[in-house]
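# A closer look at the structure
Listed below are the residues making up each chain.
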Amino acid sequence: MSPEGKKDAATERKLLVSRQSKNEDTVIHVKQAAIGGSSHVLIAGPCSIESRDQLLTVAKAMKQEGVTVLRGGAFKPRTSPYDFQGLGLEGLKIMKEIADEVGMVTISEIMSPEQIDMAAPYIDIFQIGARNMQNFELLKAVGRSKKPVLLKRGLSATLEEFILAAEYLIYNGNDQVMLIERGIRTFEKWTRNTLDISAIPILKQETHLPVLVDVTHSTGRKDILLACAKAALAAGADGIMVEVHPNPQDALSDAKQQINVDEFHAFWKGLRDSGLYHG
Ligand code: PEP
Ligand code: MN
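Residues numbered from 1 in each chain as written. Chains lettered and ligands numbered in written order. Predicted model: local features only at pLDDT ≥ 70, side-chain atom pairs only at ≥ 80, totals over all residues. Heavy atoms only, no water.

On to the pattern of salt bridges. As enumerated under the stated definition, the model contains 15 salt bridges in all. One salt bridge in this structure joins Asp 83 and Arg 78, with 3.9 Å as the shortest N-O distance. For Arg 153, the salt bridge identified is with Glu 181, shortest N-O distance 2.9 Å. In this pair, Arg 153 is assigned in the loop between strand E7 (149-152) and helix H6 (159-171) and Glu 181 in strand E8 (residues 177-181), connecting sequence segments 28 residues apart. With respect to burial, Arg 153 and Glu 181 carry one shared label: buried. (Salt bridge = Lys/Arg side-chain N within 4 Å of Asp/Glu carboxyl O. Helix = DSSP H or I, 4+ residues; strand = E, 2+ residues; numbered from the N terminus. Buried < 20%, exposed > 50% of the residue type's maximum accessible area, 1.4 Å probe, protein only.)

In this section: the coordination of the manganese ion (ligand 2). Around the manganese ion (ligand 2), the protein contributes the donor atoms Cys 47 (SG), His 217 (NE2), Glu 243 (OE) and Asp 254 (OD), at 2.0 to 2.4 Å from the metal centre. Positions of the donor residues of the manganese ion (ligand 2), expressed as sequence spacing, correspond to C-x169-H-x25-E-x10-D. In this pair, Cys 47 sits in the loop between strand E3 (41-45) and helix H2 (52-65) while Asp 254 sits in the loop between strand E10 (239-243) and helix H10 (261-273), placing the two residues 207 residues apart along the sequence. A single burial state applies to Cys 47 and to Asp 254, both of which are buried. (Donors = N, O, S within 2.8 Å, 3.2 Å for Na, K, Ca; no water.)

Okay, helix H5 (residues 136-145) next. Taken together, the buried positions of H5 are occupied by Leu 138, Leu 139, Ala 141, Val 142 and Gly 143. Tucked inside the fold, the buried residues of H5 contact helix H4 (114-119), strand E6 (125-128), E7 and H6. Downstream of H5 by one or two residues, Lys 146 has phi in the positive range, about 70°. (Contact = heavy atoms within 4.5 Å.)

What follows is about the sheet that holds E7. Ordered in space as E3-E4-E5-E6-E7-E8-E9-E10, the 8 strands form a closed barrel in which the pairing is parallel. Strand-to-strand, the axes of this sheet are offset by a mean angle of 25°, without reference to chain direction. Judged from the 4 bridges that link them, E7 and E8 form a sheet pairing that is parallel. Looking across to E8, one finds that Val 149 is bridged to Val 177. Against the sheet, helix H3 (residues 89-102) makes contact with strand E4 (69-71) and strand E5 (105-109), and its axis sits at roughly 170° relative to E5, the strand it touches most. (Pairing = 2+ DSSP bridges. Axes fitted to C-alpha atoms, helices over the stretch in contact; angles between N-to-C directions.)

A word on the site of ligand 1. Taken together, Arg 71, Lys 76, Glu 109, Gln 127, Gly 129, Ala 130, Arg 131, Lys 152, Arg 182, His 217 and Glu 243 form the complete shell of residues around ligand 1. For ligand 1, an oxygen atom lies 2.9 Å from a polar atom in the side chain of Gln 127. Between an oxygen atom of ligand 1 and a side-chain N or O atom of Lys 152, the distance comes to 2.8 Å. Compared with its free state, where it exposes 300 Å², ligand 1 has 97% of that area covered by protein. When its residues are assigned to classes, the shell around ligand 1 shows 1 nonpolar, 3 polar and 7 charged. (Near = heavy atom within 4 Å. Polar contact = N/O pair within 3.5 Å; in protein donor to acceptor, adjacent residues only side chain to side chain. Areas by Shrake-Rupley, 256 points an atom, 1.4 Å probe, with all protein chains shown as cover. Nonpolar A, V, L, I, M, F, W, Y, C, P; charged D, E, K, R; others polar.)

So, on to unusual backbone geometry. A positive phi is found at Lys 31, a non-glycine position, where the angle reads about 45°. Mapped onto the fold, Lys 31 is located in the loop between strand E1 (28-30) and strand E2 (33-35). Accessibility expressed as a relative area gives 56% for Lys 31, which makes it exposed. Non-glycine residue Asp 254 carries a positive phi angle of around 50°. Judged by its relative accessible area of 18%, Asp 254 is buried.

Right, let's get into the environment of Glu 167. Position of Glu 167 relative to the elements: it lies in helix H6. Judged by relative accessible area, which is 11%, Glu 167 ranks as buried. Remark: the alpha-carbon pair of Glu 167 and Trp 190, spanning 23 residues in sequence, is separated by 33 Å. Apart from the residues lying within four places of it in its own chain, the contact partners of Glu 167 are Leu 15, Leu 16 and Val 17.

Functional significance is not addressed by these values, which are geometric in nature.
And the structure:
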């Protein structure tokens, strides 16, 4: 129900994502990871997979810190065509090899229906990025794929649009859906995006899906990652995503916002010490 009490598209019909259709929390089991339910999850890794050495360094460090899910982009949605576009299939092969070696669950973005079959053998969770939240042919195709999927909130998407994008996935047959708030566009310039904390309790109330928060893309600032991660957990988020790179200053994408392994250690310790994180 919208604040004025008017029914909108998302509430006129009983949606498959809604608590009316299924009251209990959806928990997604992927290898040793459980996403949603009573425990939290931390997803960490570089913005882009750049080389075997780069990913292996981060993966080993994250594994040692107790992180279960490794992120890394191989197909990168870049604003400029002149920027690094990702290693593509080669990157996914690197990711699989390293995940098998280190023992981690993996997540990587796909941007088109053709990339589904290409990527499926190499990763555990598909990510649909903010720029593709309303790529309806992609949503339908990933819906048919049955592989767990992390759906990012669109750059300027309302919660209703976000929920309906998730509905496409479930409607087409995939109920392994996680939502992630990654900040929305506002007039504010001191953060890359505006982290919409209110999205968390609303999405938790309106849907039965796990709700995560990407503290890196929502803020674009290393100095407020911990505060925002704490706020996310306090508001009821099921997990956090953060970008970690061995040498952020040399990163081929998002160089300014990625933290290094030492910074990650401090962030992670701070989060655990806060008592808000339940692993
Ligand atoms: C990412 O996770 O690397 C990414 C591109 O994020 P978003 O789609 O939220 O911008
Ligand atoms: Mn990034």
